[in-house]
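# Fold and geometry: a report
So the chains spell out like this:
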Amino acid sequence: MKKIEAIIQPFKLEEVKEALKNIGIDGMTISEVRGHGRQKGHKEVYRGQEYNVDLLPKVRFDLVVANERLDEVVDAITSAARTGKIGDGKIFVYEVAEAIRIRNGDRGDSAV
Amino acid sequence: MQIPYALLLQAATDLPARITALEAAAKSAQSAGDNAWMMTSAALVLLMTGPGLALFYGGLVRRKNVLSTMMHSFVMMALVTVIWALVGYSLVFSEGSPFIGGLKYLFLNGVGKEPNADYAGTIPQGTFMIYQMMFAVITPALISGAYAERMKFSAMAMFTTLWIFIVYFPMAHMVWGKGGLLNAYLGGAVPTLDFAGGTVVHITSGVSALVCALYLGRRKGYPSEPIKPHSMVLSVIGACLLWVGWFGFNAGSALAASGLATSAFVATHLAAAAAALGWMAAEWMHSGKPSMLGGISGCVAGLVAITPASGFVMPMPALAIGLMAGVFCFWMVTTVKNMFKYDDTLDAFGVHGAGGTLGALLTGVFATNAINDSPINGKVIPLGLVDGHAGQILNQAIGVAIAIALAAAGTFIILKVCDLVIGVRVNAEDEEQGLDLSQHGEEGYILEA
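Scoring rules and cut-offs
Residues numbered from 1 in each chain as written. Chains lettered and ligands numbered in written order. Predicted model: local features only at pLDDT ≥ 70, side-chain atom pairs only at ≥ 80, totals over all residues. Helix = DSSP H or I, 4+ residues; strand = E, 2+ residues; numbered from the N terminus. Rg over C-alpha atoms; globule rule 2.2 N^0.38 Å. Buried ≥ 20, exposed ≤ 12 C-beta atoms within 10 Å, placed from the backbone. Contact = placed C-beta atoms within 7 Å. Core = buried A, V, L, I, M, F, W, Y, C linked by C-beta atoms within 7 Å. Axes fitted to C-alpha atoms, helices over the stretch in contact; angles between N-to-C directions. Parallel < 35°, antiparallel > 145°, perpendicular 65-115°, else oblique. Left-handed = near helix turned anticlockwise from the far one by under 90°. Nonpolar A, V, L, I, M, F, W, Y, C, P; charged D, E, K, R; others polar. pLDDT = per-residue confidence, 0-100. Pairing = 2+ DSSP bridges.

## Some thoughts on the overall build of chain A
Scanning chain A from terminus to terminus reveals 2 helices and 6 strands. A compact globule built from 112 residues should have a C-alpha radius of gyration of about 13 Å, whereas chain A, at 17 Å, is more than 25% larger. Taking the principal axes of its C-alpha atoms as reference, chain A extends roughly 60 × 30 × 20 Å. Within chain A, buried positions represent 14% of all 112 residues. In chain A, the proportion of contacts linking residues at least 24 apart, taken out of those at least 6 apart, comes to 73%.

This is how it looks when you write it as structure tokens:
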């Protein structure tokens, strides 16, 4: 099993969710996060007081899939989330040691 | 047709009685109209403090201080009301010395349905009293913009109580009370024109705000760390409510539903609009973008500046006063504040002190008999520079100077006393945690609830 952690532009949330649903992925965890990579922040001015905002709002997807579905899922996320501009985000993939469904104790691929 | 003699005779003997009845009916009709407008105005001025100012200031602070900031405004609505009813009204509006009134209306004794002809002959004195009360409520609330996010609640309550006795009551009596030093209509030695409270409300609160900002010192982290408004949306709603409420403040100061009230209403609105444009244009040129905060700050600055002038000036000068106030106050809160690095949290001084001073002086320039021909201490004289009376600017300057001196000295002494008795500033830990939790034990936004 692999854990996919994708950090994307917030306005791409619905498109990515839709793309995952289309390939039959219906389990995921989504968080609102803030951060930046190479993307520069922006300047805000309140009554002449300037603030540089460099931590920008992003959305993070966490999902765990069976090994053989990895490429398909990464492709779906990448193509749905891409605008081609700086700030599109990143995808990280991790090995998962075990998955357990709390309701009935299922383990492994059948639990995800 | 012949009119029976008996009927004619009856009409002739009835005539005086009928005229008397007619006069009474006309008087009662005028009183009904004026009283309706003045009670509405009183409610509009209360609306300026809560929710107007509470939202305007509440949105501009960080979320951990939103309730404590709103409390500043709200508590004034309760605290100042009680003090005003017990003794404040009497100290301002009963006859006394040129500096403070007497105790004739202590506990609102004799303040009821009958008019007080010295101030407003067509409305019950009770209406006049409650209308003036709303001014006393908002004035100390304006100061809270300077000490927001770092003053102890207990110290704030003590400060406010002392402040209205030492600064507000004397200043209001001097300008509006019978026999007050600066009262242009009721025997003042230096006739100052202040229609709705430029000196009494805005200069006193603005200057006191600066003294508070200097005395308390900067907030932790200011100006090195980012301290941004937590909700511009609340502030916009609040500022727009201030704009609406200000019609009661200025047009209501005619104390009647008269042509003068209309004139003040028009001047108020024009000045607010011009000032909003002025501020936004200035920041557009200065920092590249016009902002919502700039727009609402500008409109408040314009409303402040037109306050003393609203019942004396023509519409075009009102536009000019607004425009100047927008640009001037922008310069005060950006350039001047940064130059001296004082932390006037929400710019109570930059907007109310600066805008109030500008407006008070410009009243001496633009005041005209064409708008307001009420006799000055018994006779109609040219009012401002536009009427050919340049000396009025000096009278205005004296009024401004007295307001500044009284507010600065009074506020400093009161802060010293409060500091010795309970301490004015919260400790660093409480300030870091936020005043909502440390002073009130509650939070403005509970997202998991």
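## Some thoughts on the overall build of chain B
Secondary structure assignment for chain B yields 13 helices and 0 strands. Taking 449 residues into account, the globule formula puts the C-alpha radius of gyration at 22 Å, and chain B, at 23 Å, falls close to it. C-alpha extents for chain B along the principal axes are approximately 95 × 45 × 45 Å. Burial statistics for chain B: of 449 residues in total, 56% are counted as buried.

## Examining the nonpolar core
Core analysis: the biggest nonpolar cluster contains 149 residues, and Ala271 and Ile321 of chain B have the highest contact counts within it. By residue number, the principal contributor to this core is helix α3 (residues 125-147) of chain B, which donates 15 residues. Beyond its immediate stretch of four places on either side in the chain, Ala271 of chain B contacts Gly302, Leu303, Ala305, Ile306, Ala318, Leu319, Ile321 and Gly322 of chain B. Ranked by size, the runner-up nonpolar core spans 11 residues in total, among them Ile4, Ile8, Leu20 and Val73 of chain A.

## Notes on the packing of helix α4 (residues 153-176) of chain B against helix α11 (residues 391-421) of chain B
Residue and element names in this part refer to chain B. Put simply, α4 and α11 touch, their axes get as near as 9 Å, and they point 150° apart. It follows that α4 is roughly antiparallel to α11 by the angle criterion. Of the two elements, α4 crosses α11, and the hand of that crossing is right-handed. Residues Ala155, Met158, Phe159, Leu162, Trp163, Ile166, Val167, Pro170 and Met171 of α4 form the contact with α11, whose own contacting residues are Ala403, Leu406, Ala407, Gly410, Thr411, Ile414, Leu415, Val417 and Cys418. Across the contact of α4 with α11, the residue classes tally to 16 nonpolar, 2 polar and no charged.

## Considerations on the confidence of the model for chain B
Averaged over all residues, the pLDDT of chain B is 95; the fraction at 70 or higher stands at 99%. The complex prediction reports pTM at 0.89, with the ipTM value standing at 0.76.

## Some points on the sheet that holds strand β5 (residues 56-65) of chain A
All names here are of chain A. The strand order β2-β5-β1-β6 describes an open sheet built from 4 strands, whose pairing is antiparallel. Only two strands of the sheet have a single partner each, and these edge strands are β2 (29-35) and β6 (89-95). Strand-to-strand twist across the sheet, computed as the mean angle between neighbouring axes with direction ignored, equals 20°. Strand direction decides the pairing type here: strand β1 (residues 2-8) and β6, joined by 7 bridges, are antiparallel. If you follow Ile7 over to β6, its bridge partner there is Lys90.

## A look at the packing of helix α2 (residues 66-93) of chain B against α4 of chain B
All names here are of chain B. Orientation of α2 relative to α4, taken along the N-to-C sense of each, is 45°, at an axis distance of 10 Å. In terms of orientation, α2 lies oblique with respect to α4. Relative to α4, the crossing made by α2 is right-handed. Listed contacts from α4 to Ser68, His72, Val75, Met76, Leu79, Val80, Ile83, Gly88, Leu91 and Val92 of α2 are Phe153, Met156, Ala157, Thr160, Thr161, Ile164, Phe169, Ala172, His173 and Trp176. Its residues assigned to classes, the contact of α2 with α4 comprises 14 nonpolar, 6 polar and no charged.

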